[in-house]
Amino acid sequence: MTGLEAVHEVGTAVSVRDGGVELFRYVYAPDHPTVESPRPYIHPLRTRGGELVSLYRPHDHVWHKGITWSLPVVADENFWGGPTYVRGEGYVWLPNNGTQQHTGEARIVREDGAVAIAHDLEWVTQAGERWFEERRTLSAATVADGAWALVFETELHNVRGSAISIGSPTTRGRDNAGYGGLFWRGPRSFTNGTLVAPGVSGGDELRGQRHEWMAFVGRHDGADASSVLLMLDDAGNLQHPPQWFARSEEFAALNPAQFFSAEHEAPAGGTLRLRYGVGIADGDVEDAAALADLVRERVRSRP
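Residues numbered from 1 in each chain as written. Predicted model: local features only at pLDDT ≥ 70, side-chain atom pairs only at ≥ 80, totals over all residues. Heavy atoms only, no water.

S.K.: What is the right way to look at the packing of aromatic side chains in this model?
M.R.: For any pair of aromatic rings, the description consists of the separation of the ring centres together with the inter-plane angle of the planes. Tallying each qualifying case throughout the model produces 15 aromatic pairs. Measuring from centroid to centroid gives 4.9 Å for W80 and F183, while their planes differ by 65°, and the two rings are edge-to-face. Remark: F183 occurs in strand β14 (residues 181-185) and W80 occurs in the loop between β6 (77-79) and β7 (84-86); sequence separation between them is 103 residues. Neither residue differs from the other here; W80 and F183 are each classed as buried. By way of ring pairs, the aromatic residues W80, Y179, F183 and F245 are connected into one cluster. A cation sits over an aromatic face here: R160 above W131, 4.1 Å from the ring centre. (Phe/Tyr/Trp six-rings, centres within 6.5 Å; stacked < 30°, edge-to-face > 60°. Helix = DSSP H or I, 4+ residues; strand = E, 2+ residues; numbered from the N terminus. Buried < 20%, exposed > 50% of the residue type's maximum accessible area, 1.4 Å probe, protein only. Lys NZ or Arg CZ within 6 Å of the ring centre and 35° of its normal.)

Shown next, in the form of C-alpha cells:
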C-alpha cells in the first residue's frame, strides 16, 4: 500500500490521489443554483482500481451529487435541494433552499500516508439567516490492497438563537422516506444491485432497518467487475444503530439516517457531533463484512 497525495485547487476543491488514480474530489465551494441547496460534495469517487462509484446531478434528482451531507427537513427549511415534502400536499417547491457556505481556508494534513481535509461552514437559509456553524473533517487512507476508507466527521453548532428541529419526509408524513444526513448516489449501472448488512442481503426491503453498517454492491458497464460502497455509523452517534434509507430498484442510494422516523431538537447554542466511515473496494457481496471490519478499525483510530 502506498501513501495518498492531495492536490488543492485553492478556494474550490481538493483531489486525493492514490498513485495514478484520483480516489475522490471534494468540492467545498461549489457553484450551483439556489434550488439545489448549494453544499460541498464528493465526486468523482473511485475504487483503488479506478472504477467510478458515484453519480453527479442525475436528471431525476439534480440535487444528488456523489456523497453529500444534506438535510431535507431543518424546521421548515430545506438544506437538501429540490422541493420540500409538506404534510397533506406532497412535494412542493418553496423559497426555502438553504446553502452550506465554506468560510475561511481549507486545511490539509498528510500524516502516515493518510490525507485529512478540514474546513468550516455556515448554514444560511434562503432568507439569509445563519442557523448553523459547522466544523467538518474528511480523512482518507488505504486499508487493504483493494480498498480504502474515508472518515467523515461533523460538528454542527446551532447559532440561530433558538432550538432547531431536524427530521425527514417521514417525520412529516411520507412513509418509509426518512432520508437525510450523509447520502450517497451511485452510478446508473448499479441500479438493481445488492444491499448488504450484517447477516442479511437483498434490495429495497432493507430500507428502514437498523444496522451498524450497510453496503451496496454494484456492477460496472464496460468491465466485468463489481465494487462495494459501504457506510458505517459510529457507535457514539445519535440513534445508533440508525435506520437506513437505501434504494436499489429505482436507483442506487445509501444513507445512515439519524432522523428517519423521529425528529431531533438541536438546542440553541448546542452542538451535534456525528462520525461515519465510508469504505470503497473492488469486490463483491462476500467482501462486505471484511470491509466493514477495516472501516470500523479506521473510524476508531480517529481521536
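Right, picking up where we left off after that structure.
S.K.: Help me understand the layout of surface pockets, please; the structure alone is not making it clear to me.
M.R.: Remark: the empty space left among the atoms is shown by a probe the size of a water molecule rolled over them. Empty space within the largest pocket amounts to approximately 220 Å³. Forming the walls of the largest pocket are 14 residues, and the residues nearest its centre are H61, H64, Y91, R174 and Y179. The residue makeup of the lining of the largest pocket, split by class, is eight nonpolar, three polar and three charged. (1 Å grid on protein atoms, 1.4 Å probe; cavity = no way out; pocket = protein on both sides within 12 Å on 5 of 7 lines; lining within 4 Å. Points joined across faces, edges and corners; volume = space filled by probe spheres on them. Nonpolar A, V, L, I, M, F, W, Y, C, P; charged D, E, K, R; others polar.)

S.K.: Where do I start with the side chain of N97 in this structure?
M.R.: In this structure, N97 sits in the loop between β8 (90-92) and β9 (99-111). For N97, a relative accessible area of 2% puts it in the buried group. In this structure the side chain of N97 is engaged in a polar contact, spanning 3.2 Å, whose partner is the backbone oxygen of G82. Setting aside anything within four residues of it in sequence, one finds N97 in contact with T34, V35, S37, N78, G81, G82 and Q126. (Polar contact = N/O pair within 3.5 Å; in protein donor to acceptor, adjacent residues only side chain to side chain. Contact = heavy atoms within 4.5 Å.)

S.K.: Would you mind going over the nonpolar core with me for this structure?
M.R.: One broad trend across soluble globular proteins is that nonpolar side chains are buried collectively. Formed by 52 residues in total, the largest nonpolar core has its most connected members in F24, L45, F132, W184, M231 and L254. When residues in this core are grouped by element, the largest group, five residues, is from strand β22 (residues 271-282). Among the nonpolar cores identified, the runner-up in size contains 17 residues, and V228, L232, A288 and L291 belong to it. (Core = buried A, V, L, I, M, F, W, Y, C linked by side-chain atoms within 4.5 Å.)

S.K.: Hey, could you run me through the sheet that holds strand β12 (residues 147-158) in this one?
M.R.: Whenever strands of a sheet pair, they do so through backbone hydrogen bonds, lying parallel or antiparallel. In space, the nine strands of this open sheet follow the order β9-β10-β11-β12-β22-β18-β17-β15-β16, with antiparallel pairing throughout. Where the open sheet ends on each side, the last strands, each with one partner, are β9 and β16 (200-202). Each neighbouring strand pair of the sheet contributes to a mean axis angle of 15°, computed without reference to strand direction. Sheet strands touched by helix α1 (residues 288-301): β10 (114-124), β11 (130-144), β12, β15 (194-197), β17 (213-219), β18 (226-233) and β22. Its angle to β18, the strand with the most contacts, is close to 45°. (Pairing = 2+ DSSP bridges. Axes fitted to C-alpha atoms, helices over the stretch in contact; angles between N-to-C directions.)

S.K.: Sorry if this is basic, but what is going on with the environment of S70 here?
M.R.: Along the chain, S70 turns up in strand β5 (residues 67-74). The class of S70 is buried, set by a relative accessible area of 0%. Placed 121 residues apart in sequence, S70 and T191 show a C-alpha to C-alpha distance of 22 Å. Excluding anything up to four places from it in sequence, S70 contacts R39, F79, W80, Q100, G180 and G181. At a separation of 3.2 Å, a polar atom in the side chain of S70 contacts the side chain of T68.

S.K.: Is there a simple way to explain the pairing of strand β1 (residues 5-9) in this structure?
M.R.: Where a strand is regular, its side chains alternate between the two sheet faces. Where β1 and strand β2 (residues 13-18) come together, five bridges link them in antiparallel fashion. Its bridge partner lying in β2, V7 is registered against S15. What sits between β1 and β2 in their antiparallel hairpin is a turn of three residues, with G11 showing a positive phi close to 90°.

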